[in-house]
Amino acid sequence: MTIKDIAERIYLRLPMWFTLLVEVLQYWCRLCKYNASFRTDNDLHKMQYTLLRENHVIEKGMSMKNPRKGFGQAKVTNLINRLQKYNKRYGKEDSRFLLYPLSTIKEYIRYQENDGVDVSRIKEAFDSLCEQSGYNADDLTVSSGISLYHSADIIKDAKGDFRSLLYSRHSVRYFKDELPSKEVIDEALTLASRTPSACNRQAWHTHVYFGKDAHDLLDMQGGCNGFAHDINCCIVVTADMKGFLNHEPFQCYIDGGLYAQNLMNSLHYLGLGTIPLSCGFLTYKLLRIQKRFGIPENEAMVAILGTGYMYDEMNIAQSTRKPFTITNTYH
Ligand SMILES: Cc1cc2nc3c(=O)[nH]c(=O)nc-3n(C[C@H](O)[C@H](O)[C@H](O)COP(=O)(O)O)c2cc1C
């Protein structure tokens, strides 16, 4: 290759490099402004989102197969402290937000007391928070904590109409040892291939792991502390970055996300329990996972779906939803 060829190549690629560099810088600026790690409690919404996250950690703890006796006391104490701060800062602006986390803490106290754990200090702090925020513990009726579900009902409802499919899917955090057959996974993958994608590129890929491989993968993922080894089958959903041009650098996550949701609903429809697990990590961690588990570097990890056969009875976190009136804007 002559120097002229090299210069021509660079010249042709410069605009694309520049476009992507500008994109990265713009994204960096937005992250510095809007990422919830920055000035968290100075922003009502950042504070609410992070409190919801902490609230979910408590619910999730209760939904495991064998929670550690007395688990989560430090986390609940921290949550109460932050809720007090929220109430002081934003109580006048949006006090109803407190109802869900307060209901979760009420359920947590009930759960621990039933288990014979002394949580009197937490109860005191909780009572004081209720008093400060003007709520009576009896007003806290938001569906929260855990509920007991029967797999027979879930499997029946999953085969009902679309509404009952959606309402019967819940994240399940422990499964029977029996592994899902390749036939049932193949059928789910066939159903999920009906997912629409930008220009029908179908850049999604899946990688399926069973048994110890699944456990090791989840240990590395790190979001399943306490239940990683109760999930015996994992499907990693990725999207091939080679499928997208320089004006659509994030499209792989959009197409991959749509596919992951459809795959999860397909598994649910076929009678398996599922849980979506995060791949929202920094690149160095994702690439380490990809190298260890044979996922090519050109694939972007989108989500891990834990799946398996459900026990007859299971505790499942309520994960109450916001009303759509909070999340929708008609223009
Ligand atoms: C992208 C994504 C990542 C998630 N990551 C985790 C995770 O790492 N650990 C976990 O226990 N649950 C995880 N979940 C499950 C959520 O906690 C759960 O979907 C949410 O609380 C709603 O509950 P539901 O799935 O029962 O409707 C994740 C869900 C999504 C959609």
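These numbers come from a predicted model, not from an experiment.

Focus: the overall build of the protein
So, point 1. The helix and strand inventory of the protein stands at twelve helices and six strands.
So, point 2. For the protein, the C-alpha atoms occupy an extent of roughly 80 × 50 × 40 Å along the three principal directions.
So, point 3. Split into buried and exposed, the 331 residues of the protein put 42% on the buried side.
So, point 4. A sequence separation of at least 24 residues applies to 80% of the contacts in the protein between residues at least 6 apart.
So, point 5. Summing over all exposed atoms, the protein offers an accessible surface of approximately 19500 Å²; the carbon and sulfur share of this is 54%.

Some details on the site of the ligand
So, point 1. The local shell around the ligand holds 15 residues, among which H56, S171, G223, S319 and R321 are the closest.
So, point 2. Here an oxygen atom of the ligand and a side-chain polar atom of H56 are 2.8 Å apart.
So, point 3. Note that an oxygen atom of the ligand is positioned 3.1 Å from one of the side-chain N or O atoms of K60.
So, point 4. Listing elements by their share of the shell around the ligand, those giving two or more residues are α2 (44-62) and β4 (273-278).
So, point 5. If you tally residues by element for the shell around the ligand, the top one is β4, at four residues.
So, point 6. Within the shell around the ligand, the residues separate by chemical class into four nonpolar, seven polar and four charged.

Concerning the domain arrangement of the protein
So, point 1. For the protein, the assigned domains are domain 1 (40-144) and domain 2 (148-315).
So, point 2. Relative placement of domain 1 and domain 2: their C-alpha centres are 30 Å apart.
So, point 3. Counting residues at the interface gives six residues for domain 1, matched by nine residues for domain 2.
So, point 4. Note on domain 1 versus domain 2: buried area summed over both sides is about 680 Å², and carbon and sulfur give 53% of it.
So, point 5. Among the residues of domain 1 in contact with domain 2, S63, M64 and K65 are the three that bury the most area, contributing 74% of the side total.
So, point 6. Summed over the shared surface of domain 1 and domain 2, the number is zero salt bridges.
So, point 7. Inspection of the domain 1/domain 2 interface yields three residue pairs in polar contact (both at pLDDT 80 or more).
So, point 8. The residue makeup of the side of domain 1 that touches domain 2, split by class, is two nonpolar, two polar and two charged.

Quick notes on the sheet that holds strand β3 (residues 233-240)
So, point 1. As summarised here, the arrangement of the four strands in space is β2-β3-β5-β4, forming an open sheet in which the pairing is antiparallel. Each of the sheet's edge strands pairs with one partner strand only, and the pair in question is β2 (204-210) and β4. Taken over all neighbouring pairs, the strand axes of this sheet differ in orientation by 25° on average, direction set aside.
So, point 2. Alignment of β2 against β3, held across seven bridges, turns out to be antiparallel. Across the sheet, T206 pairs through a bridge with V237, a residue of β3.

What about α2?
So, point 1. Its 19 residues give α2 an end-to-end C-alpha distance of 28 Å, which sits within 8% of 27 Å, the value for a rise of 1.5 Å per residue.
So, point 2. For α2, the complete set of buried residues consists of L44, K46, M47, Q48, T50, L51, N55, I58, E59, G61 and M62.
So, point 3. The opening residue of α2, the one whose side-chain oxygen lies 2.8 Å from the backbone nitrogen of H45, is D43.

Thoughts on the nonpolar core
So, point 1. Judged by nonpolar contacts, the single largest core of 28 residues is most densely connected at Y86, L102, I105, Y108 and F126.
So, point 2. Elements with a minimum of two residues in this core: α2, α3 (73-90), α4 (99-114) and α5 (120-133).
So, point 3. Per element, the largest residue contribution to this core is six residues, and it comes from α3.
So, point 4. Dropping the residues within four chain positions of it, Y86 is found in contact with L44, M47, Q48, L51, G91, D94, F97 and L98.
So, point 5. F227, I295, I304 and I316 belong to the second-largest nonpolar core, a separate cluster that totals 27 residues.

Calculation rules
Here, residues in each chain are numbered from 1, in the same order as that chain's written sequence. The predicted nature of this model means local features are confined to residues of pLDDT at least 70 and side-chain atom pairs, given and counted, to a pLDDT of 80 or more, with totals for whole chains, interfaces and linings taken over all residues. No hydrogens and no water enter the side-chain calculation; it runs on all heavy atoms of the structure. In this description a helix means any DSSP run of H or I spanning at least four residues, a strand means any run of E spanning at least two, and both kinds are numbered starting from the N terminus. Note on classification: 1.4 Å probe, protein chains only; a residue is buried when its accessible area is under 20% of the maximum for its type, exposed when over 50%, partly exposed between these limits. Residue contacts are defined here by distance: any two heavy atoms, one from each residue, within 4.5 Å place the two residues in contact. Only the protein chains shown count as cover for residues, and all accessible areas are computed by the Shrake-Rupley method using a 1.4 Å probe. Proximity is defined per residue: if any heavy atom of the residue lies within 4 Å of a molecule or strand, that residue is considered near it. Pairs of N or O atoms within 3.5 Å make up the polar contacts considered here, provided that, within protein, one atom can donate a hydrogen while the other can accept it, and that residues adjacent in sequence are counted only when both atoms are side-chain atoms. All residues other than Ala, Val, Leu, Ile, Met, Phe, Trp, Tyr, Cys, Pro, Asp, Glu, Lys and Arg, Gly among them, are scored as polar; the first ten of these are nonpolar and the last four charged. Domain boundaries shown here were taken from an automatic or database domain assignment. A 1.4 Å probe defines the accessible area here, and the buried area is the portion of it lost by two parts on being joined, summed over both. By convention in these notes, a salt bridge is any Lys or Arg side-chain nitrogen within 4 Å of a carboxyl oxygen on Asp or Glu. Here a strand pair is declared whenever DSSP counts at least two bridges between the two strands. For every element, the axis is a line fit to its C-alpha atoms; helices are fit only across the contacting stretch, and the angle between N-to-C directions ranges from 0 to 180 degrees. Helices are assigned an expected span. That span is 1.5 Å times one less than the residue count. Only buried residues count toward a nonpolar core, which is a set of Ala, Val, Leu, Ile, Met, Phe, Trp, Tyr and Cys residues joined through side-chain atoms within 4.5 Å.

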